[in-house]
Amino acid sequence: MTARLRDALHSAAEDVPTYPVYERALATARRDRLRRVGVGAAALVLLAVAGVVVPLTRTPGLDPAATANAALPDHIALPPLGTLHVTDRPRLGPASVVFDGPAPRLHGWNDVNVVGVVGADSDRYRIMRIGGESVAGRTVHLSPDGRYLARPDGVQDDPPGVEVVDLVTGRTQRLSSPVDRSVWSTPVGWSADGGSLVVGDEVPVAFDGATYTTVLSAVTLAGQRWTRLAATAQEAHVGSTVAAAPGRLAYQYGRTVAVTDLAGRELSSFVLPDGTWLAGKGAWRPDGTNLTLAARGSTTTEWTLRQVDPASGRDVGPLALPAVSGVVSIRLLGWAPDGSALVAAYLPDPVAPDLPLEEQTDPPTSDQRVRTVRVLALTPGATAPRTVLTAPDQVIAVDVADEVIRSGRVRDAQPPGGVGGRFWLWTGLLTVLVTVGLLYASRQRIALWLDDRRVRRARRAGG
């Protein structure tokens, strides 16, 4: 080999780039380690998410014991922060009580109202958010068996409608109103068997919407068949009080009470005496023979219950039940097995302003005048009402499932404290996300730390 050729080969060899064997091997090992760390972190994330979510995704079947053991809690409390919604898992199942009011925990963002829901056989609390007005027993109604919750849909849809939430499955069914030119639909009561919902629709009479007609209809949940019951001026408040008996409905409009069947045929109607009102959803006597009226004394604040013949309105006489005094008004919820009448009694707010004169002749149900609500048992022969349920201040409306009332059972309640399931769900997910973010941001430091440990182990092994 000549010197010239040898120099050319040396020059060519020097021009060939050096392959960084060690560095490439180290980088490959680092990538493998990072990949394993990533897979491990992803597995941890999946395990953490599963640990948080899986308990919330179980769908227990309807437990017959939940209805069989239904009982009225002797007191209710405000829902804890982060309480699960009625559509969250695990499902609540049948409920015993729903309630609402202006209390701080019963309001959300953008004027969203919150309704509290209590389980039928235990103190499991849920909440339901409503975009529009929510008043338990007036615009929000619990079905007789406690399984369904009817509410306004909360939005100005075309056509308007109402929603029915199944507390067992969590599904929400929307019932769109077929009433022509209706601008708003509101549930006002249930049939006795819970198969039909009574809905009120507001229809403007004039173009400017200054006058309305209220149309009352019965809609079946299964087939969504709408049956028109009545229509009258808004000032008459048709359906403001609806009471159901098997196959019959009684509702008040103005100073008149009408009795119809579920097919819309009017069976009778009569004018109420002054100072009396259809007592509430439990106005039918248990045997279905008479209707109950709530009467307020003209010179006192006492409220008593009287019964009338539903065919003629003839006064059958007062019931041998204690009077309720010192309250704004009462609403009859139903009848216990011992003959006691369970009434919601609305306690006055001592600092509330007086009503205008033109409103003082109507049932004083103004929310601004009520401080809290109680459920009282008016037992035959007793000298005074017995309190069976109390509520915090600013809880001013309550509705109770008919099955719970008919069971006659009252349980010692222990409402939940602390925070609810949604708080732990979001806290767990946030913790996982923060942990993953920190691991990703520190991936290079972790790789270097692992390399240092490997080099140290190699030196110890070689030394």
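Please refer to the structure higher up on the page.
None of the values given here were measured: they were computed from a predicted structure. (Residues numbered from 1 in each chain as written. Predicted model: local features only at pLDDT ≥ 70, side-chain atom pairs only at ≥ 80, totals over all residues. Heavy atoms only, no water.)

Asks: What is the right way to look at the overall build of the protein in this model?
Replies: Within the protein one finds six helices and 26 strands. The buried share of the protein, taken over its 463 residues, is 44%. In the structure as shown, the protein presents an accessible area of about 23,700 Å², 56% of it carried by carbon and sulfur atoms. (Helix = DSSP H or I, 4+ residues; strand = E, 2+ residues; numbered from the N terminus. Buried < 20%, exposed > 50% of the residue type's maximum accessible area, 1.4 Å probe, protein only. Areas by Shrake-Rupley, 256 points an atom, 1.4 Å probe, with all protein chains shown as cover.)

Asks: Hey, could you run me through a nonpolar patch on the surface in this one?
Replies: On the surface, a nonpolar cluster with roughly 300 Å² of combined accessible area is contributed by Leu430, Val434 and Leu438. Residue placement: leucine 430 occurs in helix 5 (residues 421–441). (Patch = residues over 30% accessible without salt bridge, like charges linked within 9 Å, V, L, I, M, F, W, Y side chains within 5 Å. Salt bridge = Lys/Arg side-chain N within 4 Å of Asp/Glu carboxyl O.)

Asks: Mind showing me how you'd approach the sheet that holds strand 3 (residues 113–119) here?
Replies: As a general point, the strands of a sheet are linked pairwise by backbone hydrogen bonds and lie either parallel or antiparallel. Across the sheet, which stays open at both edges, the four strands sit in the order 4-3-2-25 with antiparallel pairing between neighbours. Each having just a single partner strand, strand 4 (125–130) and strand 25 (397–400) make up the two edges of the open sheet. Between one strand axis and the next, the sheet turns by 20° as a mean value, whatever way the strands run. As defined by bridge partners, strand 2 (residues 95–100) adjoins strand 3 across four bridges and the pair is classed as antiparallel. Across the sheet, the residue bridging to valine 97 is valine 118, located in strand 3. (Pairing = 2+ DSSP bridges. Axes fitted to C-alpha atoms, helices over the stretch in contact; angles between N-to-C directions.)

Asks: Mind showing me how you'd approach the environment of aspartate 88 here?
Replies: By the secondary structure assignment, aspartate 88 is in the loop between strand 1 (72–73) and strand 2. The sequence separation of aspartate 88 and glycine 421 amounts to 333 residues, and the corresponding C-alpha distance is 9.6 Å. Looking at aspartate 88, its side chain comes within polar contact range of the side chain of arginine 422, at 2.7 Å. (Polar contact = N/O pair within 3.5 Å; in protein donor to acceptor, adjacent residues only side chain to side chain.)

Asks: Would you mind showing me how to read the pattern of salt bridges here?
Replies: Note on pairing: side chains with opposite charge can pair once their charged atoms come close. Scanning all chains against the criterion turns up twelve salt bridges. Here arginine 147 ties to aspartate 166 by a salt bridge, and the two come within 2.9 Å at their closest N and O atoms. Taken together, the residues arginine 147 in the loop between strand 5 (141–142) and strand 6 (148–152) and aspartate 166 in strand 7 (residues 161–166) connect sequence positions 19 residues apart. Judged by relative accessible area, aspartate 166 falls into the buried class, the value being 8%. Close ionic contact of glutamate 163 with arginine 151 constitutes a salt bridge, the shortest N to O distance being 2.9 Å. Of this pair, glutamate 163 sits in strand 7 while arginine 151 is found in strand 6, placing the two residues twelve residues apart along the sequence. For the pair glutamate 163 and arginine 151, one class covers both residues: buried. One network of salt bridges, in which partners are shared, links Lys281, Asp399 and Asp402.

Asks: Even after reading the chapter, I still don't get the side chain of threonine 169, so can you show me in this structure?
Replies: By the secondary structure assignment, threonine 169 is in the loop between strand 7 and strand 8 (172–176). Here aspartate 166 takes part through its side chain, which lies 3.3 Å from a polar atom of the side chain of threonine 169. Not counting residues up to four positions away in its chain, the partners in contact with threonine 169 are Arg91 and Arg147. (Contact = heavy atoms within 4.5 Å.)

Asks: Looking at this model, I keep getting lost on the sheet that holds strand 22 (residues 341–348). Mind explaining?
Replies: Ordered in space as 21-22-23-24, the four strands form an open sheet in which the pairing is antiparallel. Looking at strand neighbours, the two that pair on one side only are strand 21 (329–335) and strand 24 (386–390), the edges of this open sheet. Sheet twist, expressed as the mean angle between neighbouring strand axes with direction ignored, is 30°. Across eight bridges, the pairing between strand 22 and strand 23 (residues 370–378) is antiparallel. Each residue of the ladder has a partner; that of tyrosine 346, found in strand 23, is valine 373.

Asks: Help me out: how do you make sense of the pairing of strand 22 in this one?
Replies: Working note: regular strand, side chains alternate between the two faces of the sheet. For strand 22, the buried fraction is high: seven of the eight residues fall into the buried class. As judged from the six bridges shared by strand 21 and strand 22, these two strands associate in the antiparallel manner. Within the sheet, the bridge partner assigned to arginine 331 lies in strand 22 and is alanine 344. Turn length for the strand 21-strand 22 hairpin, with the two strands adjacent in sequence and antiparallel, is five residues, and the turn residue glycine 339 shows positive phi of about 90°.

Asks: I would appreciate a short explanation of a positive patch on the surface in the present structure.
Replies: On the surface, a cluster of positive charge is contributed by Arg453, Arg454, Arg456, Arg457, Arg459 and Arg460. If you trace the backbone, arginine 456 turns up in helix 6 (residues 443–462). (Lys, Arg positive; Asp, Glu negative; His and termini not counted. Charge placed at Lys NZ, Arg CZ, Asp CG, Glu CD.)

Asks: Could you clarify how one ought to interpret unusual backbone geometry in this entry?
Replies: The bulk of non-glycine residues show a negative phi, and the bulk of peptide bonds are trans. In the segment running from arginine 89 into proline 90, the intervening peptide bond is cis, with an omega of -5°. Tracing the backbone through its elements, the reader meets proline 90 in the loop between strand 1 and strand 2. The phi angle at arginine 181 is positive, at roughly 65°, despite the residue not being glycine. Among the structural elements, arginine 181 can be located in the loop between strand 8 and strand 9 (184–190). Backbone geometry places glutamine 394, a non-glycine residue, at a positive phi of 75°. Tracing the backbone shows glutamine 394 in the loop between strand 24 and strand 25.

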